[in-house]
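What follows is the residue order along each chain.
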Amino acid sequence: MASAVLPSGSQCAAAAAVAAAAAPPGLRLRLLLLLLSAAALIPTGDGQNLFTKDVTVIEGEVATISCQVNKSDDSVIQLLNPNRQTIYFKDFRPLKDSRFQLLNFSSSELKVSLTNVSISDEGRYFCQLYTDPPQESYTTITVLVPPRNLMIDIQKDTAVEGEEIEVNCTAMASKPATTIRWFKGNKELKGKSEVEEWSDMYTVTSQLMLKVHKEDDGVPVICQVEHPAVTGNLQTQRYLEVQYKPQVHIQMTYPLQGLTREGDALELTCEAIGKPQPVMVTWVRVDDEMPQHAVLSGPNLFINNLNKTDNGTYRCEASNTVGKAHSDYMLYVYDSRAGEEGAIGAVDHAVIGGVVAVVVFAMLCLLIILGRYFARHKGLFSLTSSPRIK
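The paragraphs below set out a description of the structure included in this document. This is a predicted model, so every value here is computed, not measured.

### Things to note about the overall build of the protein
Right, on to step 1. Of the regular secondary structure elements, the protein holds four helices and 26 strands.
Right, on to step 2. Partitioning the intrachain contacts of the protein with sequence separation of at least 6 by distance along the chain shows that 62% fall at a separation of at least 24.
Right, on to step 3. When the accessible area of the protein is evaluated, it comes to approximately 24,200 Å², of which 56% is carbon and sulfur surface.

Structure representation (structure tokens):
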């Protein structure tokens with residue numbers, strides 16, 4: 001907002017005085033008398049003040065322009081558009097644009113609304129006050145345009161773990177240019193943005209290079225826009241689909257206590273998870289052939305009547321279109337009485353420990369009884385053993 005004041009009567013009189021001083025002596029007196037007479041007839045206009053404020057409005061909404069006067073003397077107020085066409089002269093609207101409506105008119109204010117604002121309405125609007133000197137002030141209308149469209153595009157619909165993919169987000173036709181932020185889940189990432197300008201409108205494209213891992217499968221990639229014309233979060237997102245090789249784990253389902261002895265049975269289950277789901281799960285014995293009495297049933301390995309020749313490493317292998325993985329189980333077959341001997345030894349130790357505890361307790365009781373006995377007969381012993389005086 002700025003104000004401009006046209007030359008006043010006193011300024012004109014000062015200029016005329018300079019001209020009179022340069023005139024010939026015969027005309028000098030006449031010019032001075034004429035100047036004094038004119039200056040007495042011109043009002044000074046002191047104390048007038050015209051002001052307004054800049055307006056920022058979102059496209060399609062309503063802008064309000066207010067021309068305000070301090071210490072009004074009922075001078076005429078008018079409002080002009082950026083092309084210097086009169087919108088309102090006092091309370092009269094010469095301009096044939098019904099979007100302009102009078103909100104208030106008085107000697108101290110001319111307030112006008114402009115509905116359904118468009119980008120073409122941007123510019124300077126002038127308030128004029130017909131005083132001496134005449135005053136002028138302008139307000140600037142700035143129109144904000146939110147993005148017309150927000151699009152996100154992923155280079156590949158399905159990615160493989162460890163692969164780097166390109167993700168692009170475009171915010172079209174906004175004013176001013178938008179700011180684009182990237183998120184993978186709750187984690188913010190950094191992208192690279194380019195801005196294109198066309199007819200005072202801006203299109204922003206942001207590029208994100210993303211290396212994906214199996215943990216990213218099903219995680220959303222979010223493109224979020226920040227713009228002064230947008231309240232809250234304007235965003236769009238795509239969910240990552242990541243393929244990864246199997247993860248393999250061997251679970252012993254029998255025996256439950258985990259001790260494998262001669263004559264017992266062994267059952268192992270191979271659990272394999274991947275994307276896509278593994279279609280082939282196989283068992284092999286590392287560096288040896290599988291025992292003839294071993295039974296394979298899909299992910300399960302069953303060996304009946306274990307013996308020491310079954311000792312070794314058993315491997316479960318799983319594969320899918322991404323790759324393959326494996327997990328190993330070390331089998332050691334104990335003697336058939338290994339568990340019983342351990343149990344008998346544990347029982348023997350428990351019995352011995354119990355006997356020792358009883359003996360210690362009995363000795364403590366005996367010591368306590370003897371101590372009390374000697375304490376009670378201490379005086380008798382002293383009297384008997386002392387010499388008699390004659």
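### Observations regarding a nonpolar patch on the surface
Right, on to step 1. Residues Ile 352, Val 356, Val 360, Leu 364 and Leu 367 make up a contiguous nonpolar surface patch of about 480 Å² in total accessible area.
Right, on to step 2. Locating Ile 352 in the fold gives a position in helix H3 (residues 338-376).

### Concerning the nonpolar core
Right, on to step 1. Among the nonpolar cores identified, the biggest contains 24 residues, and Leu 79, Phe 100, Tyr 125 and Ile 141 are the most heavily contacted of them.
Right, on to step 2. Mapped onto this core, the elements with two or more residues apiece are strand E3 (55-58), strand E4 (63-70), strand E5 (77-80), strand E6 (86-89), strand E8 (109-114), strand E9 (123-129) and strand E10 (135-144).
Right, on to step 3. At four residues, E4 tops the list of elements feeding residues into this core.
Right, on to step 4. In terms of nonpolar packing, the next biggest core, distinct from the first, is built from 20 residues, Leu 150, Ala 171, Ile 180 and Leu 189 among them.

### Re the sheet that holds strand E18 (residues 220-226)
Right, on to step 1. As summarised here, the arrangement of the four strands in space is E15-E14-E18-E19, forming an open sheet in which the pairing is antiparallel. The open sheet terminates on both sides in strands that have one partner only, identified here as strand E15 (187-189) and strand E19 (234-239). Sheet twist, expressed as the mean angle between neighbouring strand axes with direction ignored, is 30°.
Right, on to step 2. In the sheet, strand E14 (residues 179-184) pairs with E15 via three bridges, with the strands oriented antiparallel. What sits directly across from Trp 182, in E15, is Leu 189.

### Section: the environment of Gln 85
Right, on to step 1. Tracing the chain through its elements places Gln 85 in the loop between E5 and E6.
Right, on to step 2. Exposure remark for Gln 85: the relative accessible area of 40% places this residue in the partly exposed category.
Right, on to step 3. Sequence-wise, Gln 85 and Tyr 125 are 40 residues apart; in three dimensions their C-alpha atoms are separated by 9.6 Å.
Right, on to step 4. Once residues within four sequence positions are removed from consideration, Gln 85 is found in contact with Leu 79, Leu 80 and Leu 95.

### Description of the pattern of salt bridges
Right, on to step 1. Under the definition given, this model contains 17 salt bridges.
Right, on to step 2. A salt bridge links Glu 122 to Lys 175, with the shortest nitrogen-to-oxygen separation between them at 2.7 Å. Taken as a pair, Glu 122 in the loop between E8 and E9 and Lys 175 in the loop between strand E13 (164-174) and E14 lie far apart in primary sequence, 53 residues in all.
Right, on to step 3. Assessed through its relative accessible area of 14%, Lys 175 is described here as buried.
Right, on to step 4. We note a salt bridge from Arg 181 to Glu 226, for which the minimum N-O separation is 2.7 Å. Placement of the pair is Arg 181 in strand E14 and Glu 226 in strand E18, with a sequence separation of 45 residues.
Right, on to step 5. Bridged by salt links that share partners, the residues Asp 97, Arg 99 and Asp 121 form one connected network.

### What to know about the environment of Leu 144
Right, on to step 1. You can see Leu 144 is positioned in strand E10.
Right, on to step 2. On a C-alpha basis, the gap between Leu 144 and Pro 176 in space is 6.8 Å, while along the polypeptide they are 32 residues apart.
Right, on to step 3. With residues up to four places along the chain from it excluded, the contact list for Leu 144 reads Thr 56, Val 57, Ile 58, Glu 59, Lys 175, Pro 176, Pro 228 and Ala 229.

### Remarks on the packing of aromatic side chains
Given two aromatic rings, one states the distance between the centres and the angle between the planes to describe the pair.
Right, on to step 1. Considering all chains together, one arrives at three aromatic pairs under this definition.
Right, on to step 2. Between Phe 126 and Tyr 138 the ring centres are 6.3 Å apart and the planes differ by 65°, which places this aromatic pair in the edge-to-face class. One end of the pair, Phe 126, is in strand E9; the other, Tyr 138, is in strand E10, with 12 residues separating them in the sequence.
Right, on to step 3. The exposure class assigned to Phe 126 is buried, which follows from its relative accessible area of 9%.
Right, on to step 4. For Tyr 138, a relative accessible area of 18% puts it in the buried group.
Right, on to step 5. One cation-aromatic arrangement involves Arg 124 over Tyr 138; the distance from NZ or CZ to the ring centre is 4.0 Å.

Definitions and limits used
The written sequence of each chain sets the order in which its residues are numbered from 1. Since the coordinates come from a predicted model, pLDDT governs what is reported: local features require at least 70, and pairs of side-chain atoms require 80 or more to be given and counted, while whole-chain, interface and lining totals use all residues. Only hydrogens and water are removed before side-chain values are computed, so all heavy atoms of the structure are retained for them. Helix numbering and strand numbering both begin at the N terminus, where a helix is a DSSP run of H or I of at least 4 residues and a strand a DSSP run of E of at least 2. Whether two residues are in contact is decided by their heavy atoms, any of which lying within 4.5 Å being enough. Areas reported here follow the Shrake-Rupley algorithm with a probe of radius 1.4 Å; residue values treat only the protein chains shown as occluding. Only residues whose relative accessible area exceeds 30% and that form no salt bridge enter a patch; like-charged residues are grouped when within 9 Å of one another, and nonpolar side chains (Val, Leu, Ile, Met, Phe, Trp, Tyr) when within 5 Å. Put simply, a salt bridge is a Lys or Arg side-chain nitrogen that is within 4 Å of an Asp or Glu carboxyl oxygen. Each nonpolar core is a collection of buried residues, namely Ala, Val, Leu, Ile, Met, Phe, Trp, Tyr and Cys, held together in the definition by side-chain atoms within 4.5 Å. Relative accessibility thresholds used throughout: buried, under 20% of the residue-type maximum; exposed, over 50%; partly exposed, between the two (1.4 Å probe, protein chains only). Here, a strand pair is defined by DSSP locating no fewer than two bridges between the strands. Only C-alpha atoms enter the line fits that serve as axes; for helices the fit covers just the stretch in contact. Angles between N-to-C directions range over 0 to 180 degrees. Here a pair means two rings of Phe, Tyr or Trp (six-membered ring of Trp) with centres within 6.5 Å. Their orientation is stacked below 30 degrees between planes, edge-to-face above 60, and tilted elsewhere. The criterion for a charge sitting over a ring is simple: Lys NZ or Arg CZ within 6 Å of the ring centre, and within 35 degrees of the ring normal.

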